[in-house]
Structure formats: structure tokens, C-alpha cells
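Residue-level structure breakdown
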Amino acid sequence: MTLLPQRLIYKIQQRLNEHFGPLAWWPADTPFEVAVGAILTQNTAWRNVEYAIDNLKHAGVICPEALAELAPDKLEQLIRPAGFFKQKACRLQNLARHLVNHWDGDVTALCSGPLPEARNRLLGLAGIGPETADSILLYAAARPSFVVDAYTRRIFQRIGLLQGNESYDQVRQLFMQNLPEEVALYNDYHAQIVQLAKTCCRKQSTLCAECPLDQTCLHARRKQLC
């Protein structure tokens with residue numbers, strides 16, 4: 001795997017920030033809502049998650065205590081718009097009950113202590129993988145844990161900085177070893193990556209001529225030669 005020099009990491013983030021302006025993510029009212037959204041967004045679009053979260057809010061159950069006691073079939077119906085509702089309902093209640101039973105319902109307490117230990121706690125819960133765990137750490141608990149998603153892989157593979165066979169943790173460490181441990185920076189960088197993937201670096205029909213990274217991207221340069 002090619003190592004990114006620190007200056008190149010910054011150059012990419014700064015160029016995206018200049019192009020799109022400062023961005024922020026994750027939209028939520030409470031840390032627990034962030035955690036709920038991180039589970040609901042697995043394998044679905046965010047707009048579907050919004051419908052499900054709205055249902056939970058209207059039902060008054062978007063807190064660990066209420067969600068832990070909710071009848072499973074009722075929870076399944078409320079989160080149905082997010083897809084895989086049976087599986088996700090089980091994961092949500094597992095998290096809620098764990099919080100109530102061990103952490104006084106406090107997501108930030110669950111995510112406290114040394115970062116590797118906090119991350120391992122989350123990864124030890126059923127249905128929480130690396131991306132979900134890092135999303136909860138970064139966006140719910142304001143811990144400096146870089147989030148890697150499919151957009152990250154797509155963009156940096158096209159740029160030529162990833163080969164495509166790296167593990168999740170290899171990609172995560174690539175960023176974390178070359179950036180200062182700053183929550184705001186990780187937040188903005190991830191938001192910029194998502195924005196680029198949705199506007200220019202799309203899965204198909206890429207708009208390389210409009211991309212702020214076209215001068216440093218191998219994929220864009222190859223298209224120019226065709």
C-alpha cells in the first residue's frame with residue numbers, strides 16, 4: 001500500500017474544503033441518536049434513515065431506556081424505511097440494553113477511556129463493525145477516530161493512493177498516521193469525501209472535469225488522454 005505523505009493528505013483536504021466550503025456531519029440531536037443513525041445507515045441511503053429516525057422521534061422512543069423496553073415488532077415497523085429492519089431492530093435493542101445495563105444509558109461513557117479500548121468495546125457489540133464503531137466514536141462521542149467508507153475507498157483508489165485490496169484498518173491508519181488527532185478535521189474531511197463522491201466522483205458517469213482533484217487524480221488524467 002502506498003503511504004500518503006502528510007503534505008498530500010492536507011493538500012487533498014484543503015482543496016476539497018476550498019471547493020465545497022466547510023462541511024459538518026452528523027445531523028442529530030443527541031449522541032444516542034447518532035449511534036442509532038450509525039446502525040440504521042448500514043446498507044441503505046441516508047434519506048431512508050431520516051424516515052426511520054423521524055418515526056422513532058414521533059413515537060418518543062429515541063432514547064436508550066425507551067428503545068430497550070420497546071416491543072421488537074413495534075421497533076421493526078418504526079425503522080422499516082431503513083431496510084433490514086429485523087436485523088437492525090435487534091442491533092439497536094442490543095446497544096440500548098447494553099447502555100442501560102452498563103453505562104447508565106450514556107453513549108459518551110461507553111466511548112470513554114483510551115481510544116483503542118473504547119473502539120474494542122463497540123466492536124464487541126453484535127452488529128457493530130469498524131465503520132459503525134468509528135462513526136459512533138467520532139460523531140457521537142467526539143473522539144478522533146477516522147471513518148472509512150466506500151466513498152473513501154473509491155476516491156483514493158482512483159487518485160492512485162490505494163490499490164483496492166487494503167483492509168479497513170489499513171485505510172483508517174493511513175489517514176490517522178498522517179493527520180493530527182483533531183475531531184473537527186476528521187469530521188470535515190469525511191464530509192468532504194462524501195460530498196465529492198456524490199457530486200463528481202460518482203460510481204458511474206464520473207464528472208472529472210468538474211472535480212477539484214482532477215490535477216492529482218490518475219483516473220482523471222487517464223480520461224483526459226482518451
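Please refer to the structure placed before this passage.
Here's what I pulled together on the structure shown here. Quick caveat, the model's predicted, so the values are computed rather than measured.

Quick notes on the overall build of the protein chain
Scanning the protein chain from N- to C-terminus turns up 13 helices and zero strands. Going from the N terminus to the C terminus, the protein chain shows its helices and strands as α-α-α-α-α-α-α-α-α-α-α-α-α. At 19 Å, the protein chain has a C-alpha radius of gyration in line with the 17 Å of a compact globule built from 226 residues. On the principal axes, the C-alpha backbone points of the protein chain span a range of 60 × 35 × 30 Å. For the protein chain, buried positions account for 48% of its 226 residues.

Notes on the side chain of glutamine 42
Structurally, glutamine 42 can be placed in the loop between α2 (31–40) and α3 (46–59). The class for glutamine 42 is buried, based on a relative accessible area of 13%. For glutamine 42, the side chain forms a polar contact with the side chain of threonine 132, separated by 2.9 Å. Once residues within four sequence positions are removed from consideration, glutamine 42 is found in contact with Lys88, Arg91, Gly127 and Thr132.

Observations concerning the pattern of salt bridges
Enumeration over the complete set of coordinates arrives at seven salt bridges. Its salt-bridge partner being lysine 57, residue aspartate 29 comes within 2.9 Å of it at the nearest N-O pair. You can see aspartate 29 sitting in the loop between α1 (6–20) and α2 and its partner lysine 57 sitting in helix α3, a full 28 residues away along the chain. Between glutamate 33 and lysine 57 there is a salt bridge, with the nearest N and O atoms lying 3.3 Å from each other. Within this pair, whereas glutamate 33 is found in helix α2, its partner lysine 57 is found in helix α3, the two being separated by 24 residues in sequence. Residue glutamate 33 is classed as buried on the basis of its relative accessible area, which comes to 5%. Look at the salt bridges and you will find they share partners, linking Arg119, Asp134, Asp169 and Arg172 into a network.

Things to note about the environment of valine 171
In this fold, valine 171 is placed in helix α11 (residues 168–176). Taking the C-alpha atoms as reference points, valine 171 and phenylalanine 146, separated by 25 residues in sequence, lie 9.4 Å from one another. Setting aside residues no more than four positions away along its own chain, valine 171 makes contact with Val148, Thr152, Arg153, Leu162 and Glu166.

A closer look at the packing of aromatic side chains
The description of an aromatic ring pair rests on the distance of the ring centres and on the angle between the ring planes. A full pass over the atoms with the stated rule returns nine aromatic pairs. Between tryptophan 25 and tryptophan 46, the aromatic rings sit 5.3 Å apart at their centres with planes inclined by 65°, giving edge-to-face as the arrangement. Remark: tryptophan 46 occurs in helix α3 and tryptophan 25 occurs in the loop between α1 and α2; sequence separation between them is 21 residues. Relative accessible area serves as the criterion here: at 15%, tryptophan 46 is assigned to the buried category. Taken together, the aromatic side chains of Phe146, Phe156, Phe175, Tyr186 and Tyr189 make up a single cluster linked through ring pairs.

So, the environment of valine 107
Mapping valine 107 onto the fold places it in helix α7 (residues 107–110). As for valine 107 and alanine 96, which are separated by eleven residues in sequence, their C-alpha atoms are 9.3 Å apart. Contacts of valine 107, omitting those with residues within four sequence positions, involve Pro31, Phe32, Leu99, Ile136 and Ala140.

What counts as what
Residues numbered from 1 in each chain as written. Predicted model: local features only at pLDDT ≥ 70, side-chain atom pairs only at ≥ 80, totals over all residues. Heavy atoms only, no water. Helix = DSSP H or I, 4+ residues; strand = E, 2+ residues; numbered from the N terminus. Rg over C-alpha atoms; globule rule 2.2 N^0.38 Å. Buried < 20%, exposed > 50% of the residue type's maximum accessible area, 1.4 Å probe, protein only. Polar contact = N/O pair within 3.5 Å; in protein donor to acceptor, adjacent residues only side chain to side chain. Contact = heavy atoms within 4.5 Å. Salt bridge = Lys/Arg side-chain N within 4 Å of Asp/Glu carboxyl O. Phe/Tyr/Trp six-rings, centres within 6.5 Å; stacked < 30°, edge-to-face > 60°.

Keep in mind that these numbers describe shape and distance, not what the molecule does.
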